[in-house]
Amino acid sequence: MPGARVVVLVSGTGTNLQALLDAAADPGYGAQVVAVGADRDGIEGLARAQRAGLPVFTCRVTDHQEREAWDSALTSACAGFQPDLVVSAGFLKLVGKSFLERFGGRFINTHPSLLPAFPGMNAVRDALAYGVKVTGCTVFMVDEGTDTGPVIAQETVRVSDDDDVAALHERIKVAERALLAGTVGRMAREGWSVDGRKVRIGR
Ligand code: GRF
């Protein structure tokens with residue numbers, strides 16, 4: 001299978017991973033998932049990868065004395081699969097210096113809000129509490145901050161008066177899966193460049 005090599009990192013149900021796997025089933029997609037890594041065992045994201053016949057690895061923070069040692073182990077585990085792109089798809093850990101030194105500029109993340117609004121772990125709850133009428137999702141290039149990196153792509157989602165966190169997150173995730181799969185495919189097929197905060201897909 002040709003195309004850009006993608007390692008996906010997960011911590012949960014892995015529906016964003018599944019969107020990438022489904023998209024990559026099309027030979028014209030331009031990217032292939034070559035491995036899936038996690039920060040914990042026993043999650044549906046890893047089970048999805050195993051069902052797809054992919055190699056998986058788990059790197060737990062608690063298996064290391066220092067956060068830096070965990071970061072180095074995660075870096076090595078990913079690097080072993082020689083990825084062109086690493087995708088954080090619901091991966092609930094901030095990576096450190098060695099990971100960003102190795103994969104900076106090709107490590108992307110997806111977030112369930114229109115960044116820079118509502119960064120952090122509770123983006124959907126925070127957007128709802130603020131009372132915004134439009135929210136959405138963002139695919140961005142990871143940097144040292146929390147959800148601060150250059151934006152690659154965004155999609156909007158309307159907030160309904162009777163939304164709760166679960167209902168709104170579910171609708172955002174529909175948009176998020178399509179945005180992530182579409183963006184990774186475009187990056188793989190067309191290439192990309194980063195100039196300060198501006199990410200441009202295409203040559
Ligand atoms: C996504 O909304 C992601 O942005 C957030 O957690 C969710 C992960 O969902 N951080 P899944 O594991 O891909 O189903």
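Colleague: What exactly am I supposed to notice about the site of the ligand here?
Modeller: Contacts to the ligand come from G12, T13, G14, T15, N16, G90, T110, H111, P112, H169, K173 and E176. Between the ligand and K173 there is a distance of 2.7 Å, counted from an oxygen atom to a side-chain nitrogen or oxygen. Protein chains bury 87% of the 370 Å² of accessible surface belonging to the ligand in isolation. Listed by contribution, the elements that provide at least two residues to the shell around the ligand are α1 (15-24), β5 (107-111) and α6 (165-190). With 3 residues, α6 is the single largest residue contributor to the shell around the ligand.

Colleague: Honestly, the pairing of strand β4 (residues 85-88) in this entry has me stumped. Any pointers?
Modeller: On any regular strand, side chains alternate: one points to one face of the sheet, the next to the other face. Along β4, one buried face is formed by L85 and V87 and the opposite face, lined by V86 and S88, is buried too. Pairing analysis gives 4 bridges linking strand β1 (residues 4-10) to β4, with the strands arranged parallel. Looking at the pairing, V6 lines up with L85 of β4. Relative to β5, β4 runs parallel, the two sharing 3 bridges. Considered in β5, the bridge of V86 is made with F107. Where the polypeptide runs from β4 across helix α4 (residues 97-103) and back to β5, its parallel neighbour, the crossover connection is right-handed.

Colleague: Before we go on, may I ask you to explain the environment of Q65 in this structure?
Modeller: Its place among the elements puts Q65 in the loop between β3 (56-58) and α3 (67-79). In this structure the C-alpha to C-alpha distance between Q65 and P150, which are 85 residues apart in sequence, comes to 32 Å.

Colleague: Could you clarify how one ought to interpret the pattern of salt bridges in this entry?
Modeller: Where charged atoms from two side chains of opposite charge come close, those side chains can pair. For the coordinates displayed, the defined rule picks out 8 salt bridges. Ionic pairing is found between K93 and D39, a salt bridge with its closest N-O pair at 2.7 Å. Placement of the pair is K93 in the loop between β4 and α4 and D39 in the loop between β2 (31-38) and α2 (44-51), with a sequence separation of 54 residues. For K93, a relative accessible area of 23% corresponds to the partly exposed category.

Colleague: Would you take a moment to explain the nonpolar core for this structure?
Modeller: Generally speaking, nonpolar side chains in soluble globular proteins are found buried as a group. By size, the foremost hydrophobic cluster in this structure holds 41 residues, and its most contacted members are V8, L20, V36, V87, I108 and V184. It is α6 that provides the largest number of residues to this core, a total of 8 residues. Judged by nonpolar contacts, the second largest core, of 20 residues, contains V34, W70, F91 and L100.

How each quantity is defined
- Residues numbered from 1 in each chain as written.
- Predicted model: local features only at pLDDT ≥ 70, side-chain atom pairs only at ≥ 80, totals over all residues.
- Heavy atoms only, no water.
- Near = heavy atom within 4 Å.
- Polar contact = N/O pair within 3.5 Å; in protein donor to acceptor, adjacent residues only side chain to side chain.
- Areas by Shrake-Rupley, 256 points an atom, 1.4 Å probe, with all protein chains shown as cover.
- Helix = DSSP H or I, 4+ residues; strand = E, 2+ residues; numbered from the N terminus.
- Buried < 20%, exposed > 50% of the residue type's maximum accessible area, 1.4 Å probe, protein only.
- Pairing = 2+ DSSP bridges.
- Right-handed = clockwise from strand over helix to strand, strands pointing away.
- Salt bridge = Lys/Arg side-chain N within 4 Å of Asp/Glu carboxyl O.
- Core = buried A, V, L, I, M, F, W, Y, C linked by side-chain atoms within 4.5 Å.

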